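In case you want the letters, here they are:
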Amino acid sequence: MQMAKLPVDYEAQLDAISAQFQMVQILDEDGNVVNPDIMPDLSDEELVELMKRMVFSRTLHERSMALAKQGRLGFYAPTLGQEASQMASSFAFTKDDWLFPGYRDIPQLIAHGLKISQGFLWSRGHVEGNNYPADLNAMPPQIIIGAQYIQAMGSARAQKLNGDKAVTFTYTGDGGSSQGDVYEGMNYASRYKVPLVFFIQNNGFAISTPRYKQTGAETLAQKAVSVGIPGVQVDGNDALAVYAVSKQAREWALAGNGPVLIETVTNRLGAHSTSGDDPKIYRTQEDIDSWTKREPLIRMRAFLEGKGLWSEEIENEYVEQVREEIKEAAKEADKAPKQTITQFLENMFEVPGQNIQEQIEEYSAKEAK
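Residues numbered from 1 in each chain as written. Predicted model: local features only at pLDDT ≥ 70, side-chain atom pairs only at ≥ 80, totals over all residues. Heavy atoms only, no water.

A. Representation of a negative patch on the surface within the structure. Together, Asp9, Glu11, Asp15 and Glu218 make up a region of like negative charge exposed at the surface. Looking at the element boundaries, Glu11 is found in helix α1 (residues 10-20). (Patch = residues over 30% accessible without salt bridge, like charges linked within 9 Å, V, L, I, M, F, W, Y side chains within 5 Å. Areas by Shrake-Rupley, 256 points an atom, 1.4 Å probe, with all protein chains shown as cover. Salt bridge = Lys/Arg side-chain N within 4 Å of Asp/Glu carboxyl O. Lys, Arg positive; Asp, Glu negative; His and termini not counted. Charge placed at Lys NZ, Arg CZ, Asp CG, Glu CD. Helix = DSSP H or I, 4+ residues; strand = E, 2+ residues; numbered from the N terminus.)

Here you go:
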């Protein structure tokens, strides 16, 4: 008995989806241009500025790790290896755009206008780390995984209703892409065609869970298909490709076409955070070494040196400058007044109940002594 032909070729459908999401790359691992047709139109000065932002992020990571070991920071999520994914993407946006970061996105916040000292205060859990000036279009880093996608959607919806000539951009990780909030944020943003660019920084691991254990999808970019928006996968260690894709996505969203999802394929070369995570328990040294050879500063450094725009001397001089800025920022953060239990209670409750009011009065009396 011959079996009837099925109405849908499922294998062909899966192949077609996978073929749609080929990784965008401009610089190879040695800094050579392999796709000149999509080179972004950046001046020499802008190329150097982009490199400086990545060097700043690397230096901030190194100094933040040192400060954390000294007990001068609280929670810190390392950014080693993700400099192109973070700094080249944010380089495509303007100060008028709204940024909704996750907890690993302090470098983008600083590039957007946040004082380094406030980034340190946020890490310490100090309320002043969340007290942003009115002209800084950004929200504090979101600790709840993926919740920033919902908030960003609301911001972008407001931008559209107000007729603003700006967009919203937001970040989560590969682990965040498994959260319901991420789908809901993208789905609603698609329905109302809001000016929003979603980033999924695929750094390989959601704490200790490798990306391949999180989803059966070949790419995270193809999750855009489910909500009817464009999705792009880009080499997250290639600063030029990340910038080019991000700039195009911003222009698309600003023109009223709706949101875009960008997956930046990169790698977290260190621990998930300073909360006791040890990547050597769930990763091999060979894997770490292979990704270290592909890290973003190596290829961008080689590209700029080939154009005569960068050198070891220029980099060392800039690193010293950044270290001094970070040193002063840490001192400034140290000067922030210590928080009190009374402040915690008052900040938590706009209208405190009787029992909370009694505690406020009790601790106020103690703190006044």
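Okay, back to it.
B. Structural detail: the UniProt feature "domain: Dehydrogenase E1 component" (unreviewed entry) in the protein. Taken from the UniProt record, the annotation "domain: Dehydrogenase E1 component" (unreviewed entry) applies to residues 51-341. Within residues 51-341, the helical portion is 45% and the strand portion 11%, while the C-alpha atoms at the span's ends are 43 Å from each other. (UniProt positions renumbered as here; feature names shortened; annotations may be inferred.)

C. Spatial organisation of helix α7 (residues 180-191). End to end, α7 covers 17 Å across 12 residues, agreeing with the expected 16 Å (1.5 Å per residue, within 8%). Every buried residue of α7 is listed here: Val182, Gly185, Met186, Ala189 and Ser190. Down the axis of α7, the smallest arc covering the buried residues is 125°, so these residues share one side. Contact partners of the buried residues in α7: α6 (147-162), β2 (168-173), β3 (196-202) and β7 (260-265). (Expected span 1.5 Å × (residues − 1). Buried < 20%, exposed > 50% of the residue type's maximum accessible area, 1.4 Å probe, protein only. Arc of directions from axis to C-beta. Contact = heavy atoms within 4.5 Å.)

D. Structural view of the packing of aromatic side chains. Summed over the entire model, instances satisfying the criterion amount to 10 aromatic pairs. Here Phe169 and Tyr171 contribute two aromatic rings whose centre-to-centre distance is 6.1 Å and whose plane-to-plane angle is 75°, an arrangement assigned as edge-to-face. Taken as a pair, Phe169 and Tyr171 share a single burial class, namely buried. For the pair Phe205 and Tyr282, a centre-to-centre distance of 5.5 Å together with 55° between the ring planes defines the contact as tilted. Here the residue Phe205 occupies a position in strand β4 (residues 205-206), and Tyr282 occupies one in the loop between β7 and α9 (285-292), the gap between them amounting to 77 residues. Overall, the relative accessible area of 11% leaves Phe205 in the buried class. Taken together, the ring pairs in this structure connect Phe93, Phe169, Tyr171 and Phe199 into an aromatic cluster. Taking the ring centre of Tyr192 as reference, the NZ or CZ of Arg191 above it sits at 4.5 Å. The positively charged end of Arg294 is found above the aromatic ring belonging to Trp291, 4.0 Å away from the centroid. (Phe/Tyr/Trp six-rings, centres within 6.5 Å; stacked < 30°, edge-to-face > 60°. Lys NZ or Arg CZ within 6 Å of the ring centre and 35° of its normal.)

E. Expanded view of unusual backbone geometry. Even without being a glycine, Lys193 presents a positive backbone phi close to 45°. One can find Lys193 in the loop between α7 and β3. Of note, the phi angle at Ile207 is positive, near 55°, even though the residue is not glycine. Locating Ile207 in the fold gives a position in the loop between β4 and β5 (209-210).

F. Here's a closer look at the pairing of β7. Here β7 lies mainly inside the structure; six of its six residues are buried. Here β7 shows no split at all, with Val260, Ile262 and Thr264 on one side and Leu261, Glu263 and Val265 on the other all buried. Pairing of β3 with β7 involves six bridges; the strand directions are parallel. Of the residues in β7, the one forming a bridge with Phe198 is Leu261. Where strand β6 (residues 231-235) and β7 come together, five bridges link them in parallel fashion. Directly across from Val234, in β7, lies its bridge partner Thr264. Chirality of the crossover, the property in question, places the unit of β6, helix α8 (residues 239-257) and β7 among those that are right-handed. (Pairing = 2+ DSSP bridges. Right-handed = clockwise from strand over helix to strand, strands pointing away.)

G. View of the sheet that holds β3. An order of β1-β2-β3-β7-β6 is seen for the five strands of this open sheet, with the pairing classed as parallel. This sheet does not close on itself; its edge strands, each paired only once, are β1 (98-100) and β6. Here the strands of the sheet are splayed against their neighbours by 20° on average, with no regard to which way each runs. As defined by bridge partners, β1 adjoins β2 across three bridges and the pair is classed as parallel. Note on β2: the bridge partner recorded for Trp98 is Thr168. (Axes fitted to C-alpha atoms, helices over the stretch in contact; angles between N-to-C directions.)

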